[in-house]
Amino acid sequence: MSTQPRYQERELKVVGTRPLRPDGVDKVTGRARYGADISLPGQLIGKVLRSPHAHARIKSIDTSLAAALPGVKAIVTRDDFADMPEEYAAAGELTINFRDVTRNMMAREKVLYDGHPLAAVAATSESIAREALKLIRVEYEILPHVIDVIAAMQPDAPLLHEEQYTVGVNPRPARPSNLAKRLEFKLGDVEAGFSRAELIIEREFNTKPVHQGYIEPQACLASYTEDGQAELWTSTQGHFVFRAQCAKLLQMEISKIRVTPTEIGGGFGGKNNIYNEPLAIALSKKSHRPVKMVMTREEVFRATGPTSGGNVKVKLGATRAGRITAATAELSFQAGAFPGSSVAPASMCAFTRYDIPNVRVVGHDVTVNRPKVAAYRAPGAPIAAFAVESVIDEMAKKLGIDPIEFRLRNAAKEGTQTYYGPKLGAIGYIQTLEAARAHPHYSAPLGPDQGRGVATGFWFNIGNETTAALNINEDGTVALMMGTIDVAGGSRAAMAMMVAEELGIPVDRVRPHIGDTSSLGFNFITAGSRGTFAGGMACVVAAREAIEKLRSRAAGIRDVPLEAVVWKDGHACPAEDGARQFAPLSLADIARLAGKTGGPISGHAELNVQGAGPGFGAHIVDVEVDRQTGSIKILRYTAVQDVGRAIHPAYVEGQLQGGVVQGIGWALNEEYVYDADGILANPGFLDYRVPVASDLPFIDTFIVEVPNPNHPYGVRGCGEVPIIAPLAAIANAVENALGIRFCDLPLSPPKVLQGMDEAAAGGD
Amino acid sequence: MSEMRYEAPKTLAAAVALLSGAGGSARILAGGTDLLIQMRAGRIEPTLLVDIKGIAEVTSIVADGDGYRLGAAVTLMQLTEHEAFAREWPGLIDGVKFIGSIQVKGRATLGGNLCNASPAADGVPALIAADAVASIIGPAGRRQVPVAEIATGPGRNSLAIGEIVTALLLPRRPARSGDAYLRFTPRTEMDIAVVGAAVNLALDEQGFCRQARVALGAVASRALLVPEAAAALIGTRGDAAALAHLADAARAASRPIDDKRGTRQFRLRIVGVMAQRAAEIALDRARRKA
Amino acid sequence: MTKHHVSATVNGDAVEFLCDSQETLLEVLRDELRLNGTKEGCGTGDCGACSVMLDGRLVCSCLVLGVEAEGRSIETIEGMAVGRELHVLQRKFLEHAALQCGICTPGILIAARALLERKPDPTEAEVRCGLAGNLCRCTGYHKIVEAVLDAAREMRGQG
């Protein structure tokens, strides 16, 4: 097996340019096929009955009336699925437990949140399916519920899982609780560190759950045949992982399920998890017809994963000279109805921008009566960074040091020991901070009621299992098959560009395509900003394997030894030493003769890609506050980020701009609102307020390129870092405008007005 | 499964007959931008939809000596594009522009905004401030009522079974008059008003306010006319003291609730601000017409 | 249930379809006429993904009944390019990388074309307000606004 190629400085012809995306024309003409656009003859429509209660024991489910309705072809409930023991698997940045996955897919003993599935119906039309849902009789014993994370941790809180004893506590607690897990990371001696501090700041922060808000609701189509084979089309970030989960939940062999990923209408971590897919397969099996299931927007909000809301306590100590001596944080995250929040990555990210000798971070994973959380772009990191970067800002201010300078004095660099394990490799945090400080935005004048804030973010980025197959077509063009989903950031374009660069051909000669689960080996979910990093690695390895074969064929055609042939600018050429001269052969020449020289030419890669390069971002934002209404306007925004190498700079900018705007929504207006009964009050885009175009300015971007030594083109991955800093950057800007530190998100107008009132009354 | 009929009568008489015949289970379909959402959510299950958009009387804008007659089913986009009307009633257009997106305004109607009876309807406060009258036809013939009397509470209106609001009648304006509507929303567009305030006034030659009407939205179970707030303006030039009195009167008249879109406390806090800012715009518009 | 027989024009072609009273124009376009380019993001008129032109007016097709289309003219994304020739907006969206996942793109293109028909020389603020009814979660709108402004320039002959 070839080792993974490392970074090499070289002259580039394709990488770094801005060709049009291969999926572009289909997307601007309406041809692109998303989850809901796939249909099969004879298909039924599946709909899900969902809990109207936040917490209740299911006494009985009677589907007989629904089953008798003409047009209803199949109904499934908990009785149609095997119970699962505890068994853990990786899914994106978060870990899943199949005991919980099967219960989240279909409630068993209890319903645990408003929207929890109880039954699914397949009927000849959507209206019949909806009518059938109304005929299903469910008897509930309604139980007290708990929504808030701190409330859920109290000893007398309503308990979601009677057998849940906190993991990570020694000895095991005597009583079950909603605290599913406690984790702790330690470095140095924090007590000693705080004793050396000349200034200590302690603050507590709260954030609300926010939804990924992809515009395409989850949609899938399943067809189960009489010989036990299932085909599934779905909008997913990881078709191989969906296949594995469906196989497990339905007790099928993996080879009997083929998953074809459709074009994906946004995911951001929210399409890492199966919801309707196993139900559609089960309904298809029962009805002997294809079954299509498309969620409504209301279902998306009520039953698919938002990210956690969190409570974060931060304590930071520093010397007058501006050196941080110790830091602690306690993060308590809502996991939703089942354990598995993003508290672990959040804990690991909390201080990992700084070289701090003494750190302790404690994380709590807490079950509450809300939908099970899912990953959302750098899962958990924005929540942790909101807290830590707010305290960093306050510390800099109290020490009288410029906030970027303060960060520079404590910045992590190559060799910094993290508190969660490894030492950091070659990173570009310092370069990112320096670029932000030098940016004209940072020194531009501000008007009245305006403020400027800065914050930074760190994300690990990951690699994992990745495959690619590259086939040289008979005319010398290239069919590139990839197994890692292009979640629309443009990784198909980036892959084609890297392959074109390797082969020395124009990028439009490479046609990238995402293969189904039977066309390639296993690929991990597109998560952790791994698409262009890991996918690129696989494509480069596959291209280099193909080049070896091309050289060998050329050597045969020209009757020279292999060493006499080099690959240059899309041609097999004589080696530089000039020992053996021959007329160069183009890729097309060799391809045309492939049949006579040994058969078709291809390259493959089957890797578990290692060596992801962490990414850092530094954001500058200007806000204006309306002192009479508490309304915050974003006036100017600049995102600076080390991406390693921008393969396609326009798509990197797009990642930064999109991530920033999601962060702006999180900071200002987005939140899940529950009523007193634990029912979601705003399950729609009218009252779940994602930013609209008129809320925003242009989002300036500045790309820093400190190559990742572990990638042939230096790629780090860039999609997640940009959502991390906006929450704190905006809160810091509001503080700068008003002199008031806000510790609770969203920074909605009522909260801002209240804060101003309290400050005027002489409060903190 | 419930059957639903769709009818598109060409005359008001036919529409009234259809609605009357169905008892209370029929709904009028004008723009449909609220109705279709309610139907899809299963909140209502009408047996009959009577589409009134094919009836000329309800889809035309007529200006005559008495003022404007706005067909109740004129789309909001048509209304915003009527330049003469927009010059005459800029505050009403302020409200209309706030209703939904351009897409929604391409369908939604002022009659629908009124009869749907949302306390937060953006079109209604300015209509009330304008002293608009709703023209109604029904089984018992035609009648006219002030728009303030149409909504009776959230989602409830005073129309009898079979009645249709056919038009909104706006009076002629005196010289030096101006109106304005402002609302507060967390986002710049696409939101439901947390608070809305409309001010309609006329100045004398010296710039003193001679007539005024102030109406508030989203601070009670229906849009409110607040004569005390108007009184704060009348006889003044709209100076700071008058505006402060106006804000106080607006707050005093408000009876808001806590809901997902805003708290009672916050609404009380900003209703005065919105009324004051709306008054400033209305004053400015009136002065420009001097 | 009795279905309505509806005759309409879609992208210049005469079409006929059967629909229930409740069926929306969006459902008719997607399920009856197989024009899947128009997307459903919310079903409540809040996201704009289903934007189409109805007798020259920009509307959300999820808030129009199929039966209301009788005798009317509908334009969808499928009719935006003329033959091989992409509309200027389509081309500018590609050139400016103004799309990522693309699910909002058909609706935004339809809305942007309607905007430029009303305002051939819009300001940035006018573009942002004109597209406020179209949610995009990927791009932060930056490149969309740039693409629309650039398309407007070219369409005014100042390319």
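Small disclaimer: the values here were computed from a predicted structure and weren't measured.

**Considerations on the domain arrangement of chain C**
All names here are of chain C. Domain assignment breaks chain C into domain 1 (4–79) and domain 2 (88–155). Distance between the C-alpha centres of domain 1 and domain 2: 22 Å. Counting residues at the interface gives 13 residues for domain 1, matched by 13 residues for domain 2. Note on domain 1 versus domain 2: buried area summed over both sides is about 1,000 Å², and carbon and sulfur give 63% of it. Counting across the domain 1 and domain 2 interface gives 1 salt bridge. Measuring nitrogen to oxygen at the nearest pair gives 3.3 Å for the salt bridge that ties R113 to E75. Run the count over domain 1 and domain 2 and you get 4 residue pairs in polar contact (both at pLDDT 80 or more).

**A look at the packing of helix α3 (residues 105–118) of chain C against helix α5 (residues 142–155) of chain C**
When two helices pack together, their arrangement is captured by the angle between the axes and the distance separating the axes. All names here are of chain C. Orientation of α3 relative to α5, taken along the N-to-C sense of each, is 45°, at an axis distance of 11 Å. Here α3 is positioned oblique relative to α5, judged by the angle of their axes. Of the two possible hands of crossing, α3 and α5 adopt the one that is right-handed. Only I144, V148, A151, A152 and M155 of α5 make contact with α3, whose side of the interface consists of I108, A112, L115 and L116. Per-class residue counts for the contact of α3 with α5 are 9 nonpolar, no polar and no charged.

**A closer look at the interface of chain B and chain A**
Taken together, the contacts link 19 residues of chain B with 25 residues of chain A. Around 2,100 Å² of area is buried between chain B and chain A when both sides are counted, 52% of it from carbon and sulfur atoms. In this assembly, chain B and chain A are joined by 6 salt bridges. Between E45 of chain B and K134 of chain A there is a salt bridge, and its shortest N-O distance comes to 3.1 Å. At the boundary of chain B and chain A, one finds 11 residue pairs in polar contact (both at pLDDT 80 or more). Broken down by element, the side of chain B that touches chain A gets its largest block of residues, 6 residues, from helix α11 (residues 264–288) of chain B. Per-class residue counts for the side of chain B that touches chain A are 9 nonpolar, 1 polar and 9 charged.

**Concerning the interface of chain C and chain A**
Taken together, the 43 residues of chain C in the interface contact 51 residues of chain A. Regarding the contact of chain C and chain A, the summed buried area is about 3,700 Å², with carbon and sulfur atoms giving 61% of it. For the pair chain C and chain A, the interface holds 4 salt bridges. Taking the shortest distance from any N to any O, the salt bridge between R30 of chain C and D37 of chain A comes out at 2.6 Å. Counting every contact that joins chain C to chain A gives 24 residue pairs in polar contact (both at pLDDT 80 or more). Elements with a contribution of two residues or more to the side of chain C that touches chain A: α2 (88–95), α3, α4 (124–130) and α5 of chain C. It is α5 of chain C that contributes the most residues to the side of chain C that touches chain A, 5 residues altogether. Per-class residue counts for the side of chain C that touches chain A are 21 nonpolar, 10 polar and 12 charged.

About the thresholds
- Residues numbered from 1 in each chain as written.
- Chains lettered and ligands numbered in written order.
- Predicted model: local features only at pLDDT ≥ 70, side-chain atom pairs only at ≥ 80, totals over all residues.
- Heavy atoms only, no water.
- Domains from an automatic or database assignment.
- Contact = heavy atoms within 4.5 Å.
- Buried area = accessible area lost by both parts, 1.4 Å probe.
- Salt bridge = Lys/Arg side-chain N within 4 Å of Asp/Glu carboxyl O.
- Polar contact = N/O pair within 3.5 Å; in protein donor to acceptor, adjacent residues only side chain to side chain.
- Axes fitted to C-alpha atoms, helices over the stretch in contact; angles between N-to-C directions.
- Helix = DSSP H or I, 4+ residues; strand = E, 2+ residues; numbered from the N terminus.
- Parallel < 35°, antiparallel > 145°, perpendicular 65-115°, else oblique.
- Left-handed = near helix turned anticlockwise from the far one by under 90°.
- Nonpolar A, V, L, I, M, F, W, Y, C, P; charged D, E, K, R; others polar.

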